[in-house]
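Okay, here's what each chain looks like letter by letter:
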Amino acid sequence: LAFLLPAAVYLLMNVLTVYAARLLPPPTFQLLANTKILCTAVAAKLIMARDLAFAQWAALVVLTVGVAIGQWQGGTSDVLDAS
């Protein structure tokens, strides 16, 4: 019974994730998913006073920027169109 609320929140998040994945193009969905990871790290720092190493912050930023660049470059593969 103690896990009822976390399980319900987890279920709701999964349902919303599947719904968003159906509505959004894959690069946009991936960018939002990575932004969620970055926001969770910031919230952990601000709310729970949890420290992350510099390398962890750098990895989060590189991950988010990399996906943003991938989306900015079009998000579709021109290799498939060439055949």
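Refer to the structure presented above.
Rules and cut-offs
Residues numbered from 1 in each chain as written. Predicted model: local features only at pLDDT ≥ 70, side-chain atom pairs only at ≥ 80, totals over all residues. Heavy atoms only, no water. Patch = residues over 30% accessible without salt bridge, like charges linked within 9 Å, V, L, I, M, F, W, Y side chains within 5 Å. Areas by Shrake-Rupley, 256 points an atom, 1.4 Å probe, with all protein chains shown as cover. Salt bridge = Lys/Arg side-chain N within 4 Å of Asp/Glu carboxyl O. Helix = DSSP H or I, 4+ residues; strand = E, 2+ residues; numbered from the N terminus. Axes fitted to C-alpha atoms, helices over the stretch in contact; angles between N-to-C directions. Parallel < 35°, antiparallel > 145°, perpendicular 65-115°, else oblique. Left-handed = near helix turned anticlockwise from the far one by under 90°. Contact = heavy atoms within 4.5 Å. Nonpolar A, V, L, I, M, F, W, Y, C, P; charged D, E, K, R; others polar.

Student: Lay out a nonpolar patch on the surface with the relevant residues and their values.
Tutor: On the surface, a cluster of nonpolar side chains totalling about 460 Å² of accessible area is made up of Val42, Leu46, Ile47 and Met48. Within the secondary structure, Val42 sits in helix 2 (residues 26–48).

Student: Any details on the packing of helix 2 against helix 3 (residues 54–72)? Residues and values, ideally.
Tutor: Contact pair helix 2 / helix 3: the axes reach a minimum separation of 9 Å and the direction vectors enclose 160 degrees. Classified by the angle their axes make, helix 2 and helix 3 are roughly antiparallel. Taken as a pair, helix 2 and helix 3 cross one another with a handedness that is left-handed. Taken together, the residues of helix 3 that come into contact with helix 2 (itself represented by Pro27, Thr28, Gln30, Leu31, Asn34, Thr35, Ile37, Leu38, Ala41, Val42 and Lys45) are Trp57, Leu60, Leu63, Thr64, Val67, Ala68 and Gln71. For the contact of helix 2 with helix 3, the residue count by class is 11 nonpolar, six polar and one charged.

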